[in-house]
Amino acid sequence: MDRNTEINTPNREVRLPDVPVLVASGNQAIWLSAEGEIETTNLREAAVRVNKMPPLVVHRLNIARRLGINPFPAFDLLELYAFIHPAETCLPTARGLAKAVGLIPSADPEEQALALFEAMNILLNNLTGLTGKKRKSAAAVAMVMGQAGWNWAPSVLSAVGLPENKTRFGGLDAWSNLQEWPDFAPESPADDIAVSEFEARARLKELLGDNAEARPQQADFSAMTSHAFVPRNQADAPNIVLAEAGTGTGKTLGYISPASIWAEKNGVAVWISTYTKNLQRQIDDELDRLYPISEEKAQKVVVRKGRENYLCLLNFEEALQGGAAQKSEQISLGLVARWVGATRDGDMVGGDFPSWLMELEGRSRITRLADRRGECIYSACSHYRKCFIEKSTRKARKADIVIANHALVMINAATRPDDPNLPKRYVFDEGHHLFDAADSAFAAHLTGQETAELRRWVAGSDTGRKNRMRGLENRLSDLIGEDEEGQEALQQAIQAARKLPSDGWMSRVREGTPNGAMEEFLVHIRGQVLARCGQPDSPYSVECPAEEFTPEIIPSAQRLDGALKALSTPLTTLAKILLKKLDEEAEELETATRHRIDAAVQGISRRNNLSIMPWRAVLKGLEDTTPEKFVDWLAIDRIGGRDLDLGYYRSYIDPTEPFAEAILKPSHGVVITSATLRDNFEDAESWQSADMRTGTHHLVLPPARVHLPSPFDFAKQTKVIVVTDVRRDHMKEVSSAYRELCLASGGGALGLFTAIWRLRAVHENIRGPLAAAGLDLYAQHQDALDTSTLVDIFREEENSVLLGTDAVRDGVDVPGRSLRLIVFDRMPWPRPDLKHKARKKAFGGSRYDDKLTRLKLKQAYGRLLRREDDFGVFILLDSMMPSRLISAFPPEVEIQRLGLKDAIALTRNFIAEKEQALNKNIIG
């Protein structure tokens, strides 16, 4: 095939780049020349060749990682795909891109190279079909990107033609075509009509369809969760259902059934909360069954996340205004502009903005366009009525189902306890993570990063960048007007905030040249940590107890307390003045202004109540014993030997206590569900552990509890092996075990690690042998891809291998052949830090360690089976596994302790046997 071909259309001739196609597979590089010739080289030769001529590739950053070189210029088909199909995603691989454009993906690298050339033709041919406004928009954006050096611009412009008129932003002002959100009359009070078990079962049957297989556990689960959707009988005593449902039960549709009925009956949303973005996406997909018409679903279902996940149109406009001096950013901004015109809801993190595009264009470059908590100027913004966040907030009030996350739910409840719009009915999926989510939400950390962020929120940015200068003066000055007391309080707050850490604070603290009371406090905190931690030169985070302070810390803490008081007092005054304005000018204030004032008061209250007041309580009590509910420590946070933050840390020993107060007690009904709520070590205590992890033990009335077993035959479908002759702390031995086990399974292997450094060591040792065997290896912290994308690739590539840590263990949903082996590097004991030490003492000593470890093993093992015909082997490379932990696995599964040789043989034979049986069934 001759590559020197142009696409001929009735109207124009499309120019194709005269460059070779490059596909990296295993330890080889496949080249397709412009003349259509195929050539195979090794990766080292490919690394030299790519610098001579930019090739056509898929994901240039990941290709560079595989070649072991720095990023290089390339014609990246992912950028072309993102331009032509904005707000649509595809797997960032050769096979993934081929599939996305309608080609049949091939496992053969040479076929993949040919497919990429064909995919380029298809994509550019799609452009030639654009007409009207769509063609004009594409041409205008491509011209700006081309002037900034975008490789694809000549081909794109030859397909769509040159732009006709030059506008201020060169066509990148995508907000101009967005629709404004409409105003609605205030909602009527919600009804409180119960949902019966019969109704829940009937709705489930309707969602599954007539041809669905009978799943009694799922119907029972749906009926049981309906008990959370009946009126409560007394204040602070919600109807709580704790439901542990084994893998394969079908929890999602099970709780959607009663939740959707309750929302329809009562005219108010049910909030479904998850811990991971992956599950948010899965729930959203499942709701297609309930709302098959996309227009109806858009009205009935809203996905909600924190503000920092959404594009801020004002930030985007300000980035464009500075674009003349930053030509390199125009390519990224052009791709974002294309996405703005097509996105469902403006969600840049886990939404329809391709995560691989964020990596390709630079994560910091993209995320700076997102909103930042507390920065919004609300109705003073020229984009207010088109704002994605405002649209999402308003839609949520009229929706039936809101898909949120634990962090957002907790922050909303903690900062707005009197808000009448807070949900009264929740479903918490991934309920086993509520303890960890509450730990993050209700902690009080007096650190350099936290106080620097407070300074920015009050006083604005010190960098001079327009999109980071919106401090309180910008947000509140016009609201305060000519009120002298208010203007004086505003200036006092700004001056007080400027005594908090500014840019470069970490360097000054490290050098002992602090600027202000907080930086001085941090200098002394750092000194105590380094003196007492035992490993001051460790590349990882170090800590020491918050007690017996060095002589300098107490007086510096007193000075810092005075500085925080000087900030808190005028902030309190500002909040009072704004509330007074709401009251006295109620007749004159427009709705948008009222919303602005209300948001400003909430923001001030949040900073005061959740940050400054807890910080001051810490500082005032340094010479006293830490309150019984809390654990305090000093720490320097590090990653890879680089200091990221440091300060004084305080957490609740039991963070579910504030969770219960803020969320559970005010609620009327709550479903908390997971496949791993209970610890099965002792039946009498199994629900006690579930109560402790979810906060239900803080309620007056006990929850309703139900356990529904998995429908899977674990003994028949899985094997569990503990390898007895691999030394867990000898990484060469651990690496050899991973290599041989992955080869025995033929891929489809998930490697789980208890530490990043262990993952990196194994990755380095096995990537060559696996590549030689034709197995693609992917890894967290190694590939230039985010975790969700890695999981998506692993799900699609049946013979690949994925290495990961906790985020992969908890977030993987991979049915079918793609996951047939899990290898855990060692026992996942809890990290023995000071916070865990306090909880261990409070929650039962070594039994608490065992409980957490069993639950981690249970969660990891649960990844193996996602549907009826799944099978797999779970292997732990730790001969020291105590027998008291085997209850993490189903009782019917035999735990086999074998040497590595026998484990490899058993893995190979078991998987081969299951695949042979599966193939016979398919053929039959």
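Look above for the structure.
Each chain carries its own residue numbering, running from 1 in the direction its sequence is written. Residues qualify for local features only when their pLDDT is at least 70, as the model is predicted, and side-chain atom pairs are given and counted only at 80 or more; totals for whole chains, interfaces and linings, by contrast, use all residues. Computation of side-chain values: all heavy atoms of the structure, hydrogens and water removed.

Once that is clear, we can look at the overall build of the protein chain. Within the protein chain one finds 36 helices and 25 strands. If you line up the protein chain on its principal axes, its C-alpha atoms span 80 × 75 × 65 Å. Within the span of the protein chain, comprising 924 residues, buried residues form 57% of the whole. Contacts are assigned to residue pairs with any non-hydrogen atoms lying within 4.5 Å of each other. The long-range fraction of contacts in the protein chain, counting pairs at least 24 apart against all pairs at least 6 apart in sequence, stands at 75%. The numbering of helices and of strands both runs from the N terminus, where a helix is a DSSP run of H or I of at least 4 residues and a strand a run of E of at least 2. With a 1.4 Å probe rolled over the protein chains alone, any residue whose accessible area is under 20% of its type maximum counts as buried; one over 50% counts as exposed, and the rest are partly exposed.

Next up on the list: the sheet that holds strand β25 (residues 895–898). Here, any two strands with at least 2 DSSP bridges between them count as paired. Spatial ordering of the open sheet is given by β21-β22-β20-β23-β24-β19-β25, a layout of 7 strands whose pairing is parallel. In this open sheet, the two strands that pair with only one neighbour each are β21 (777–779) and β25. Put simply, the sheet's adjacent strands are angled 20° from each other on average, direction ignored. Summarising the sheet, β21 and strand β22 (residues 801–804) pair through 3 bridges and their orientation is parallel. Residue pairing across strands places Tyr-778 opposite Leu-802, the latter belonging to β22. Angles shown run from 0 to 180 degrees and are taken between the N-to-C directions of axes, each axis being a line fitted to C-alpha atoms and, for helices, limited to the stretch in contact. Of the strands in this sheet, β20 (749–752), β22, β23 (821–824) and β24 (872–876) are in contact with helix α30 (residues 731–745), which crosses β23 at around 170°.

With that settled, the discussion passes to helix α9 (residues 216–225). For an α-helix the count is 3.6 residues per turn, leaving residues at separations of three or four pointing the same way. The buried count for α9 comes to 8 of 10 residues, which makes it a mostly enclosed element. Of the positions making up α9, those classed as buried are Gln-217, Gln-218, Ala-219, Phe-221, Ser-222, Ala-223, Met-224 and Thr-225. On its buried side, α9 packs onto α8 (197–208), β8 (239–245), α10 (251–266), β17 (669–674) and β18 (704–708).

Let's shift gears to the packing of aromatic side chains. Pairing of aromatic rings covers Phe, Tyr and the six-membered ring of Trp, with a centre-to-centre limit of 6.5 Å; geometry is then stacked below 30 degrees between planes, edge-to-face above 60, and tilted otherwise. Summed over the entire model, instances satisfying the criterion amount to 20 aromatic pairs. Between Phe-630 and Tyr-652 the ring centres are 4.7 Å apart and the planes differ by 50°, which places this aromatic pair in the tilted class. Here Phe-630, found in strand β15 (residues 630–639), pairs with Tyr-652, found in strand β16 (residues 642–652); they are 22 residues apart in sequence, far enough to count as distant. Of the residues examined, Phe-630 reaches a relative accessible area of 21% and is grouped as partly exposed. Ring geometry for Tyr-861 and Phe-889: centres 5.5 Å apart, planes at 85°, overall edge-to-face. Taken together, the residues Tyr-861 in helix α35 (residues 846–861) and Phe-889 in the loop between β24 and β25 connect sequence positions 28 residues apart. With respect to burial, Tyr-861 and Phe-889 carry one shared label: buried. Members of the aromatic cluster, connected to one another through ring pairs, are Phe-712, Phe-714, Phe-824, Tyr-861, Phe-874 and Phe-889.

Let's shift gears to the pattern of salt bridges. The term salt bridge refers to a side-chain nitrogen of Lys or Arg lying within 4 Å of a carboxyl oxygen of Asp or Glu. A complete count under the given rule lists 60 salt bridges for this structure. The partner of Arg-385 in a salt bridge is Glu-180, and the shortest N-O contact between them spans 3.4 Å. Highlighted residues: Arg-385 in the loop between α16 (363–367) and α17 (388–398) and Glu-180 in the loop between α7 (153–160) and α8, separated in sequence by 205 residues. Note that Arg-638 is salt-bridged to Asp-643, the shortest N-O span being 2.7 Å. One exposure class covers both Arg-638 and Asp-643, and it is buried. Within the structure, one salt-bridge network assembled from shared partners comprises Asp-284, Asp-288, Lys-297 and Arg-344.

Their axes nearest at 7 Å, the elements helix α34 (residues 834–842) and α35 cross at an angle of 110°. With respect to each other, α34 and α35 are oriented roughly perpendicular. Residue-level contacts link His-836, Arg-839 and Lys-840 of α34 to Ser-846, Tyr-848, Asp-849 and Leu-852 of α35. Charged means Asp, Glu, Lys or Arg here, nonpolar means Ala, Val, Leu, Ile, Met, Phe, Trp, Tyr, Cys or Pro, and polar covers whatever is left, Gly included. Its residues assigned to classes, the contact of α34 with α35 comprises 2 nonpolar, 2 polar and 3 charged. Throughout this description, any angle smaller than 35 degrees is read as roughly parallel, any larger than 145 degrees as roughly antiparallel, any in the 65 to 115 degree range as roughly perpendicular, and the remainder as oblique.

It is worth spelling out the side chain of Asp-833 at this point. With respect to the secondary-structure elements, Asp-833 resides in the loop between β23 and α34. Positive charges come from Lys and Arg, negative ones from Asp and Glu, while His and the chain ends are left out of the count. The buried charged residue Asp-833 lacks any salt bridge partner; its closest oppositely charged side chain belongs to Arg-831, at an N-O distance of 4.3 Å. Within 3.5 Å is the distance limit for a polar contact, defined as a pair of N or O atoms, with the added protein rule that one can donate a hydrogen and the other accept it, and that residues adjacent in sequence qualify only through two side-chain atoms. A polar contact of 2.8 Å, which involves the side chain of Asp-833, links it to the backbone nitrogen of His-836.

Once that is clear, we can look at the sheet that holds strand β9 (residues 270–274). What the 7 strands build is an open sheet, ordered β10-β11-β9-β12-β17-β8-β18; its pairing is parallel. On the outer flanks of this sheet lie β10 (301–303) and β18, each paired with one strand and no other. Within the sheet, the average angular offset between the axes of one strand and its neighbour, ignoring direction, is 15°. Sheet topology places β8 next to β18; 5 bridges connect them, and they run parallel. Bridge assignment links Glu-244 to a residue of β18, and that residue is His-707.

We now examine the environment of Ser-196. By the element assignment, Ser-196 lies in the loop between α7 and α8. Since its relative accessible area comes to 31%, Ser-196 is described here as partly exposed. Measuring from C-alpha to C-alpha, the distance between Ser-196 and Thr-572 comes to 48 Å, with 376 residues separating the pair along the chain.

Let's shift gears to the pairing of strand β12 (residues 425–428). Neither face of β12 is open: one carries Arg-425 and Val-427, the other Tyr-426 and Phe-428, and all of them are buried. Two strands pair when backbone bridges link them, and β9 and β12 are joined in this way by 3 bridges, in the parallel orientation. Counterpart to Trp-271 in the pairing with β12 is Tyr-426.

Attention now goes to the environment of Leu-77. With respect to the helices and strands, the residue Leu-77 is situated in helix α3 (residues 77–84). Judged by its relative accessible area of 0%, Leu-77 falls in the buried class. Spatially, the C-alpha atoms of Leu-77 and Pro-17 are 12 Å apart, while their sequence positions differ by 60 residues. Apart from residues lying up to four places away in sequence, Leu-77 is in contact with Leu-56, Val-57, Val-58, Leu-97, Leu-116, Met-120, Leu-123 and Trp-152.

For the rest of this paragraph, the subject is helix α19 (residues 434–441). In terms of burial, α19 is a largely internal element, 6 of the 8 residues being buried. Every buried residue of α19 is accounted for by Leu-434, Phe-435, Ala-437, Ala-438, Asp-439 and Ala-441.

Here the focus is the pairing of strand β11 (residues 401–405). The buried fraction of β11 amounts to 5 of the 5 residues, a majority that puts the element mostly inside the structure. Neither face of β11 is left uncovered, since the one carrying Ile-401, Ile-403 and Asn-405 and the one carrying Val-402 and Ala-404 both have all their residues buried. Judged from the 3 bridges that link them, β10 and β11 form a sheet pairing that is parallel. Bridging across to β11, Val-303 finds its partner in Ile-403.

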